[in-house]
Amino acid sequence: MMNATEKLAAARAQFPVTKRLLYLDSAHQTPLSTNVRAAIEEFLSEGHEMGGPKPVWLRRAEETRERVARFFNAAPNEIAFTKNTSEGLNIAANAVPLEAGDNVVLIEGDHPNNAYAWLNLKRKGVEIRFATLKDDEIATAETFRPYIDERTKVVTLSHVTFHAGQVHDLASIGKLCKDRGIYLVVDAMQSVGVVPLDVKALNISVLAAGTHKGLLVPQGLGVLYVADGLDELQPAYLAMSSMANPPADYIARPEDMVVRKDAGRFEFGNVNLPDLQALSAAIDLINSVGVSDIQKHVSALGDRLIAHLDELGVQLVGPRERGQRSHIYVLALPVDKWADYFARNQVRVSPERGGIRISFAMFNTLEDIDQLAKVIRKGLNEESLAATVQAD
Ligand SMILES: Cc1ncc(COP(=O)(O)O)c(C=O)c1O
């Protein structure tokens with residue numbers, strides 16, 4: 001039996017990118033692991049040499065659905081496959097029964113892919129309310145309470161924010177929503193695969209995520225959880241795969257428009273089979289460490305980063321407290337000066353609205369953080385960069 005350190009080392013060995021660069025950008029996109037690449041190559045060989053067979057791919061997709069469901073403590077019939085987070089959130093926005101005068105509460109500055117899905121409902125007379133929050137604060141039930149009234153039908157937010165790395169308190173928000181009969185719709189794009197998520201314990205109604213960050217596969221596949229029993233949530237789009245009785249002769253009959261009862265009612269048409277095959281391999285890799293140990297690991301990397309930042313005099317944009325942050329850290333370093341500097345030093349990071357975003361995954365190490373600190377220190381010795389860092 002390997003201990004946690006050995007498991008993390010074995011996982012790191014699966015990511016050849018770590019030999020070439022200091023990859024601190026998993027919140028942007030995951031680098032591919034060797035086993036995910038092998039799964040995609042297997043799919044390509046099967047398609048290339050044998051033309052599938054598709055029934056085998058579909059059976060594997062159903063196995064992957066079960067594995068994804070276990071990830072969230074959901075049942076397989078509560079999982080639909082989509083294209084990305086945006087599609088899942090738009091499916092939710094158009095499935096919830098909303099009338100003119102109803103309202104939806106979001107957080108100002110949350111990911112635009114969630115905001116637009118709901119803002120689009122203004123055409124139907126739905127009111128969109130924005131709760132405000134500072135970058136170093138996390139959202140709790142109290143953040144939303146002042147914005148909620150008897151016409152509030154939906155509260156929606158990211159679990160982990162892309163722009164400051166806050167881990168919002170879904171437990172208290174879920175409880176508030178349950179008590180008030182409000183749907184809780186969660187964008188888990190940044191948290192999935194990194195922070196444990198129990199949709200039942202958190203009273204989540206709908207959860208949407210893409211799979212190209214913490215779920216370690218290339219872009220083009222999303223997962224959507226829709227809680228069993230929310231039968232009033234009905235799909236805006238239909239295809240044969242959404243129907244309870246798909247016609248065996250492929251002739252659509254207007255007299256039978258009954259849709260599936262499970263989350264499959266929100267799936268339309270073929271799904272991304274190569275990515276699903278990759279996702280199964282990715283889940284193997286994630287499970288080889290375990291999401292809760294991944295979270296502990298990235299939080300410990302964050303502790304080390306914060307200690308370095310304090311010593312270097314560099315401010316953190318998001319929260320400092322453990323539990324309020326996970327793998328995303330934005331450094332208050334002006335993007336126009338520092339983005340190039342990091343690129344020149346083979347450090348992969350992202351420009352963000354508050355500065356330079358550093359993000360971790362299971363394959364990063366404490367040595368990576370020490371290496372990053374060295375690079376920042378070297379930058380601070382360059383006159384043009386030093387001038388950009390404000391003292392307290
Ligand atoms: C919180 C959040 N939501 C959504 C997205 C992306 O949406 P999509 O999966 O539709 O491309 C991102 C980042 O890419 C994100 O950070």
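Shown above is the structure to which this text applies.
Residues numbered from 1 in each chain as written. Predicted model: local features only at pLDDT ≥ 70, side-chain atom pairs only at ≥ 80, totals over all residues. Heavy atoms only, no water.

Draft legend 1. Structural detail: the site of the ligand. The local shell around the ligand consists of N84, T85, S86, H111, N113, S158, F162, D187, M189, Q190 and K213. In this structure, N113 approaches the ligand through a side-chain N or O atom, which is 2.9 Å from an oxygen atom. Contacts to the ligand include K213, whose side-chain N or O atom sits 2.8 Å from an oxygen atom. Because more than half of its atoms lie within 2 Å of the grid, the ligand is assigned to the second largest pocket. Residue composition of the shell around the ligand, grouped by class: two nonpolar, seven polar and two charged. (Near = heavy atom within 4 Å. Polar contact = N/O pair within 3.5 Å; in protein donor to acceptor, adjacent residues only side chain to side chain. 1 Å grid on protein atoms, 1.4 Å probe; cavity = no way out; pocket = protein on both sides within 12 Å on 5 of 7 lines; lining within 4 Å. Sits in = over half its atoms within 2 Å of the grid points. Nonpolar A, V, L, I, M, F, W, Y, C, P; charged D, E, K, R; others polar.)

Draft legend 2. Expanded view of the layout of surface pockets. The volume enclosed by the largest pocket comes to roughly 360 Å³. In this structure, the largest pocket is lined by 16 residues; those nearest its centre are L58, S241, R260, E267 and G269. No other element matches helix α4 (residues 54-72), which puts five residues into the lining of the largest pocket. Size it by volume and the second largest pocket reaches roughly 250 Å³. (Points joined across faces, edges and corners; volume = space filled by probe spheres on them. Helix = DSSP H or I, 4+ residues; strand = E, 2+ residues; numbered from the N terminus.)

Draft legend 3. Inspection of the pattern of salt bridges at higher detail. The final tally for this structure, using the stated rule, is 25 salt bridges. When the shortest N-O distance is used, the salt bridge between R151 and D102 registers 2.9 Å. Note that R151 is positioned in the loop between α7 (141-144) and β5 (152-158) and D102 in the loop between α5 (85-95) and β3 (103-107), a separation of 49 residues in sequence. Looking at R151, the relative accessible area reads 31%, which means it is partly exposed. In this structure D102 comes out as buried when scored by relative accessible area, which is 3%. We note a salt bridge from D231 to K261, for which the minimum N-O separation is 2.8 Å. Of this pair, D231 sits in the loop between β8 (222-226) and α9 (273-289) while K261 sits in the loop between β8 and α9, and the two are 30 residues apart along the sequence. When its relative accessible area of 35% is taken as the criterion, D231 is described as partly exposed. Salt bridges here are not isolated pairs; linked through shared partners, they connect E62, R65 and E267. (Salt bridge = Lys/Arg side-chain N within 4 Å of Asp/Glu carboxyl O. Buried < 20%, exposed > 50% of the residue type's maximum accessible area, 1.4 Å probe, protein only.)

Draft legend 4. Just the packing of aromatic side chains, in detail. For the coordinates displayed, the defined rule picks out nine aromatic pairs. Where F43 meets W57, the ring centres are 3.9 Å apart and the plane angle is 25°; that geometry is what we call stacked. On the criterion of sequence distance, the pair formed by F43 in helix α3 (residues 34-50) and W57 in helix α4 is long-range, its members being 14 residues apart. There is no split in this pair, since F43 and W57 are both buried. Aromatic pair W338 and F342: ring centres 5.8 Å apart, planes at 40°, arrangement tilted. Taken together, the residues span about one helical turn, with W338 and F342 both in helix α11 (residues 335-344) at a distance of four residues. Look at W338 and you get buried, because its relative accessible area is 0%. Here a set of aromatic residues connected by ring pairs shows up, and it is made of F15, Y23 and F363. (Phe/Tyr/Trp six-rings, centres within 6.5 Å; stacked < 30°, edge-to-face > 60°.)

Draft legend 5. Here's a closer look at empty space enclosed by the protein. Overall, the coordinates contain three cavities of 30 Å³ or more when judged by the stated rule. As for the largest cavity, its lining consists of 13 residues, and the residues nearest its centre are V194, G214, L216, A361 and M362. Partitioning the lining of the largest cavity into residue classes produces seven nonpolar, five polar and one charged. Two domains each put at least three residues into the lining of the largest cavity: domain 1 (4-31 + 290-386) and domain 2 (37-286). By volume, the second largest cavity amounts to about 50 Å³. Lining the second largest cavity are N77, E78, V226, A227, D228, G229, L230, D231, K261, D262, A263 and R265. For the lining of the second largest cavity, the class distribution of residues is four nonpolar, two polar and six charged. (Domains from an automatic or database assignment.)

Draft legend 6. Here's a closer look at the sheet that holds strand β9 (residues 328-331). The three strands are arranged β9-β12-β11 in an open sheet whose pairing can be described as antiparallel. Every interior strand has two partners, whereas the edge strands, β9 and β11 (350-352), have only one. Across the sheet, the mean angle from the axis of one strand to that of its neighbour is 35°, orientation sign disregarded. Bridge count for β11 against strand β12 (residues 355-359) is three bridges, and the pairing is antiparallel. In the strand pairing of β12, P351 is matched with I356. Against the sheet, α11 contacts β11 and β12, and its axis sits at roughly 40° relative to β12. (Pairing = 2+ DSSP bridges. Axes fitted to C-alpha atoms, helices over the stretch in contact; angles between N-to-C directions. Contact = heavy atoms within 4.5 Å.)

Draft legend 7. Representation of the sheet that holds strand β7 (residues 206-210) within the structure. Here we have seven strands laid out as an open sheet, ordered β2-β8-β7-β6-β5-β3-β4, and mixed in their pairing. Edge positions in the open sheet fall to β2 (79-82) and β4 (127-131), since each of these has one partner strand only. Within this sheet the neighbouring strands show an average axis-to-axis angle of 20°, counted without direction. Inspection of the sheet shows β3 paired to β4 by five bridges, in the parallel sense. Note that in β4 the partner of V105 across the bridge is R129. Strands in contact with α5 are β2, β6 (183-187), β7 and β8; relative to β7, the strand with the most contacts, it is inclined by about 160°.

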